[in-house]
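Read off the chains here:
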Amino acid sequence: MPDVIGAKPRPSLEQTLPPADAVETGPLTGAARDPEASVPGATPPLPEASRYRPVNPLLELTLARIREFVREPEAVFWVFVFPVLLAVALGIAFRETGPATVQVAVEADGRQGPGSGSGRLMDWLEGRSDIEAVLLSPEEAARALRTGRVALVLRPARSEAAASGNPAAGETVSAPSPLPDLDSEGLVYRYDPTRPDSRVARLVVDDALQRGMGREDVAQMRDEAVAQPGARYIDFLIPGLVGLNLMGSGMWGLGFAVVQARTRKLLKLLAATPMRRTHFLLSFMLSRLIFLALEVVAVISFGWVAFGVSVHGSILELGVISLVGSMSFAGLGLLVAARTRTIEGVSGLMNLVMLPMWLLSGTFFAATRFPEFWQPVIQVLPLTALNDALRANINEGLPLAASLPDVLVMAAWGIVSFLLALRWFRWQ
Amino acid sequence: MTVPPSMPPAISVGEVALSCAALVKRYGDVVAVDGIHLEVRMGECFGLLGPNGAGKTTTVEIFEGLTTPDGGRVEVLGQGWGEGNDRVLRERLAVQLQETQFADRLTVVETIAMFRSLYKRGWEPDEVIRLVELEEKRDARVGKLSGGQKQRLAIACALVAAPQVLFLDEPTTGLDPQAKLQLWDLIEKFRSRGGTILLTTHYMEEASRLCDRVAIMDHGKVIALDTPSALVESLGADEIVEFSLEGFVANDRLSRLPGVRGVRSRDGNYLLTVSSVAEALPALLAEVEIHQARLVGLTTHTATLEDVFVTLTGRKLRDA
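Here the structure is a predicted model, which is why all the values come from computation and not from measurement. (Residues numbered from 1 in each chain as written. Chains lettered and ligands numbered in written order. Predicted model: local features only at pLDDT ≥ 70, side-chain atom pairs only at ≥ 80, totals over all residues.)

Secondary structure assignment for chain B yields 11 helices and 13 strands. Its C-alpha atoms give chain B principal-axis dimensions of roughly 70 × 50 × 45 Å. Taking all 320 residues of chain B together, the buried fraction comes to 47%. (Helix = DSSP H or I, 4+ residues; strand = E, 2+ residues; numbered from the N terminus. Buried ≥ 20, exposed ≤ 12 C-beta atoms within 10 Å, placed from the backbone.)

The number of helices and strands found in chain A is 17 helices and four strands. Within chain A, buried positions represent 39% of all 428 residues. Nonlocal contacts in chain A, meaning residues at least 24 apart in sequence, comprise 78% of its contacts between residues at least 6 apart. (Contact = placed C-beta atoms within 7 Å.)

Before going further, it helps to examine the sheet that holds strand β4 (residues 187-190) of chain A. The strands making up a sheet are joined through hydrogen bonds of the backbone, oriented either antiparallel or parallel. All names here are of chain A. On the basis of which strands lie adjacent, the open sheet formed by four strands has the order β2-β1-β3-β4 and mixed pairing. What marks the edges here is a single partner per strand, and that holds for β2 (131-136) and β4. Each strand of the sheet is rotated relative to its neighbour by a mean of 25 degrees, with strand direction disregarded. Sheet contacts for helix α7 (residues 138-146): β1 (102-107), β2, β3 (152-156) and β4; angle to β1, the most-contacted strand, approximately 155 degrees. Lying on the sheet, helix α9 (residues 196-212) is in contact with β1, β2, β3 and β4; it crosses β1 at an angle near 70 degrees. (Pairing = 2+ DSSP bridges. Axes fitted to C-alpha atoms, helices over the stretch in contact; angles between N-to-C directions.)

One finds Ile 238 and Leu 334 of chain A together with Ala 156, Leu 159 and Leu 198 of chain B to be the most contacted residues of the largest nonpolar core, which totals 155 residues. If one sorts the elements of this core by residue count, helix α10 (residues 233-263) of chain A sits on top with 15 residues. Residues in contact with Ile 238 of chain A, not counting those within four places in the same chain, are Ala 87, Val 299, Ile 300, Gly 303, Val 309 and Ile 394 of chain A. Ala 105, Ala 108, Leu 121 and Leu 136 of chain A belong to the second-largest nonpolar core, a separate cluster that totals 22 residues. (Core = buried A, V, L, I, M, F, W, Y, C linked by C-beta atoms within 7 Å.)

Turning our attention to the domain arrangement of chain B. Residues and elements named next belong to chain B. Partitioning chain B into structural domains gives domain 1 (16-232) and domain 2 (236-313). One C-alpha centre belongs to domain 1, the other to domain 2, and the line joining them spans 37 Å. The partner domain 2 presents eight residues to the 12 residues of domain 1 that form the contact. Contributions of two or more residues to the side of domain 1 that touches domain 2 are made by α7 (204-210), β8 (213-218), β9 (221-226) and α8 (228-233). By residue class, the composition of the side of domain 1 that touches domain 2 is 10 nonpolar, one polar and one charged. (Domains from an automatic or database assignment. Nonpolar A, V, L, I, M, F, W, Y, C, P; charged D, E, K, R; others polar.)

In this section: the confidence of the model for chain B. Residues and elements named next belong to chain B. With 94% of its residues at a pLDDT of at least 70, chain B reaches an overall mean of 87. Across residues 1-13, confidence stays below pLDDT 50; counting only partners more than four residues off in sequence or on other chains, it has 26 contacts. Of the two predicted TM-score estimates for the complex, the pTM is 0.73 and the ipTM is 0.83. (pLDDT = per-residue confidence, 0-100.)

What follows covers helix α6 (residues 177-192) of chain B. Think of an α-helix as turning once every 3.6 residues; residues three or four places apart then point the same way. Residue and element names in this part refer to chain B. Between its first and last C-alpha atoms α6 spans 22 Å; for 16 residues at 1.5 Å apiece the expected length is 22 Å, and the two agree. Every buried residue of α6 is listed here: Leu 183, Trp 184, Leu 186, Ile 187, Glu 188, Lys 189, Phe 190, Arg 191 and Ser 192. Positioned one or two residues after α6, Gly 194 has a phi angle of 95 degrees, which is positive. (Expected span 1.5 Å × (residues − 1).)

Residue and element names in this part refer to chain A. Put simply, α10 and helix α16 (residues 382-394) touch, their axes get as near as 9 Å, and they point 140 degrees apart. Here α16 runs oblique to α10, going by the angle between their axes. By crossing handedness, the relation of α10 to α16 is classed as right-handed. Judged by residue contacts, Ile 238, Pro 239, Gly 240, Val 242, Gly 243, Leu 246 and Met 247 of α10 engage Leu 383, Leu 386, Asn 387, Leu 390, Arg 391 and Ile 394 from α16. Taken together, the residues of the contact of α10 with α16 sort by class into nine nonpolar, three polar and one charged. (Parallel < 35°, antiparallel > 145°, perpendicular 65-115°, else oblique. Left-handed = near helix turned anticlockwise from the far one by under 90°.)

With respect to the element layout, Asp 126 of chain B can be found in helix α4 (residues 125-131). In the structure, Asp 126 of chain B is positioned 104 residues away from Ala 22 of chain B in sequence and 42 Å away in space, judged by C-alpha atoms.

Looking now at the sheet that holds strand β12 (residues 269-274) of chain B. Residue and element names in this part refer to chain B. Read from one edge to the other, the open sheet built from four strands follows the order β11-β12-β10-β13, with strand pairing classed as antiparallel. At either margin of the open sheet sits one strand with a lone partner, and together these are β11 (260-266) and β13 (294-302). Taken pair by pair, the neighbouring strands of this sheet meet at an average axis angle of 15 degrees, ignoring direction. For strand β10 (residues 239-246) and β13, the ladder comprises eight bridges, and the chain directions are antiparallel. The residue bridging Ile 240 from the neighbouring strand is His 301, located in β13. Together, β10, β11, β12 and β13 form the strand contacts of helix α10 (residues 277-290), whose direction differs from that of β10 by roughly 10 degrees.

The next thing to look at is helix α13 (residues 315-337) of chain A. Taking 1.5 Å as the rise per residue, α13 of chain A with 23 residues should run 33 Å; its terminal C-alpha atoms sit 32 Å apart, in good agreement. Of all 23 residues that make up α13 of chain A, 18 are buried, and the element is covered over most of its length.

Below, the discussion takes up the confidence of the model for chain A. All names here are of chain A. Here chain A averages 77 in pLDDT, while 76% of its residues score no lower than 70. Here helix α2 (residues 21-25) stands out as the element of chain A with the lowest mean pLDDT, 32, in contrast to α16, whose mean of 94 is the highest. When the criterion is pLDDT under 50, residues 1-49 qualifies, and its contacts beyond four places in sequence or with other chains add up to 81 contacts. Here residues 159-177 is a poorly scored stretch, pLDDT under 50, and it has 34 contacts once near neighbours within four places are set aside; other chains count.

The backbone of Lys 265 of chain A sits at a positive phi, close to 65 degrees, despite the residue not being glycine. Positionally, Lys 265 of chain A belongs in the loop between α10 and α11 (266-271). With 17 C-beta atoms packed within 10 Å, Lys 265 of chain A lands in the partly exposed category. Even without glycine at this site, Ala 22 of chain B takes up a positive phi of about 50 degrees. Within the element layout of this structure, Ala 22 of chain B appears in strand β1 (residues 16-27). Look at Ala 22 of chain B and you get exposed, because 12 C-beta atoms sit within 10 Å.

Glancing now at the pairing of β1 of chain A. Each regular strand shows side chains that alternate between the opposite faces of the sheet. Residue and element names in this part refer to chain A. Of all six residues making up β1, five are buried, and the element is well covered by its neighbours. Looking at chain direction, β1 and β2 are connected through six bridges and run parallel. Its bridge partner lying in β2, Glu 107 is registered against Leu 136. Of the pairings in the sheet, the one linking β1 to β3 comprises three bridges and is parallel in character. Looking at β3, one finds that Ala 105 is bridged to Val 153.

Along the chain, the position of Gly 236 of chain B falls in the loop between α8 and β10. Residues in contact with Gly 236 of chain B, not counting those within four places in the same chain, are Arg 261 and Thr 273 of chain B.

Written as C-alpha cells, this is what we have:
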C-alpha cells in the first residue's frame, strides 16, 4: 500500500518519517477488506459493512454501571453486608428475654437474723421468681435506687411489731413462706413515680404481698402472652432496614457515580457523543433494579432465617413497593448529584437529605412518636412512605391497594426529582 | 495546502469541514477567544499551536459543541450547533478531551464497546483495539493501563465511531517519546484514510509532523496561519543562532551583520535568524569582542515552528 504514504506529501514529512513498519503492520482494517477504501479521502474512514452489531446504548450504559458496581468491593459491603450486620446487632439487643423480673432492695432494720422483719421479708421474697431482692443498709439502698440498680426500696416500718408478732392465722395458707406480720402501715415503698420500671416494681411487689397476706381477687382474670411472630421489635425493624437500605444504596450509588464521572471529565466526553441524556440517567436507574432485588432479598431472607420474620403479604406486591421506593431514591440521588462538582460536596448534600429521614421516617421506632404537628411533613417523606408500605405488606399482609397513598408519594418523589435532575444536569 | 496530483478527482479535499468567523468567548473578564477566523478543509489535519491559556481548548470545545461562544459564527460539516441537528452532527464527530479519565473498573474492550453503542455506525471494538495496538490489554482494567495506553484508549473510543472529523486536544501531553511516536502513527493512519483532524498542541514538532496547516494562537488570537514549512520559511532564514551575553550589544548592530535576517532580544538572551551560520557566526563573535561583552552560551539549530512563535511573540512556547 505505498499510496498511503505517497498520498500525503507534506512539507514536514521529511523531518519526521514514520517508522517503516507503520504502513506494513498498520491494521487499516477497512482497507484490508475493501480495496476501494484504501484510496485516502475517497470515503469517510468507515468500514463499509461491519458484522458487529452494537448493543443498545441504554443496555450498554446500564451494563457499564453494573460492572463498575460489582467490581467495587466496598460498595458491595455497604449494600449487602452492612444491613445484615445491623439487623444482627439490633436483633440481639432486642431479643426476647423471657418474663422480666423486678429489682428491689430491702432496707435492713438493724437487727440481724431470721427473726428480724427485713430478714423474714427477704426470705419470703427469695421464693418469688418475678422479684429479685437484695438486703441493703438504708444508705446503700438509697444509692442503689438513685443509680438505677434497683427500681424500688422496701422499708419495714414497724419492725418491733414484726419481731414479736405472729403470722395472721388462717390467712397465709396460700403464701409460699410465712410472711412477716405487716399491717397496712407496715411497709413503705420508696420509688420515683416517673420511672416506669419503678411503678411496675411497686405494683408487682404490692400485689404479691397483698395476696400473700390473704387478699382475694374478686374476679377471675386470665393472661394471654403475645409473643407470636409479627408483633416483636425485630418484625418492626426488618422492613425498616429494607427501606433504609434502599434509600442509602439508591442515593449513594447514584450520587457518587455521577459526581465521579463529572470530576473525571467523563460526562463531558459523553456529552460530545450522540448519546441521549435520558439514556444516561436512565441507565443509573435501571442498574439499581438489579441490585434492588438482591438487597431486598438479602435483608428479608436474613430476617426470616435468623429471626423468623416472615412476609405476610404478596411477594410480587412487595417487589412493586421496593421498586417504586428504590426509583424514588434513585431520582433523589440524581437530583442531588445533578450540579455538584466534588465528592465532598455530594457527600454533604447526601447527608443533609438522608439524616432527617434516618431519624424521622420510622426505621427504628414508629414515626408517630413525633409530635402531631410534625406529622404532615414526616408522612410525605419518601422513606416514611416506603417503610409504612413495607410494614403493611411484610407485617400485616395488607394488599397493595391499602398502601396506594404511600406508593403515590414515592412515585411523585421519583418522577419529580428525575425530571428536575434531567433539567438541571451539568455535564461539565 | 496543495492537492497532491495523485489524488483522484472524487476526493472531497478542499470542501470546508469546520469554519468559524469572529469567534469570541469570555470567562468573566478573561477573553479566552478573541475574534478568530478559521477554516479547516475536509481531509486536512489542522493544528492549533500555542502556549497554555492561548485559547486552543476553548476554540476546539466550541467546534465540538460543548461550549457556546459569546459571539461569532461556527459551522461544522456545514451546520451550526443548536439548530436542531446536533445529534445527527455528533454521529459524524468524535472527540478526545484533555484529562478524561475512563472508569478504572471497566476493561478496555468494555469501555470501547460502550462508546461504540452510542453511535449508529462505527467500527467493531476489536478492530479499533488492533488499530491502537492494545490487543494485549483488551481485557485489562482501564485503571491498570499506562499513560500512553490510556491515551490510545481515548483515541480508540473516538475512532470507534468512525468519525469524519476527529478532535484531539493535546493528545500527547505528558507522554514519553515512545508513546508519543505510537500516537502520532495512529493519527497519521486516520489522516491517511481521509479523516479530518483538528488538533491542539504546544509541541511544535507534533504540529510540524502531523499538520497540513497550523494556526499559531496567543492570547485568544490567531497570530499566524499557514503550512508548517511556509511558517518556518516566513522567518526568511534556515537557521537560528541563540546566545546569551554578559554585557550589551545593540540589536541594530547585530542585524547589520552578514547573513543575519532578524534579531530578537530579551534580558540578555538573543535570537538571530540567519541564512547561513557559517557566514554569521565569525562576524557575531567579532562584534561581541568589540563591545567587550562575554558570551555565556551559544547554540545553533535549524529553524522550527518554535522559532516562529518566539519571533512573533518574543516568548518561548513552553514558558509563555
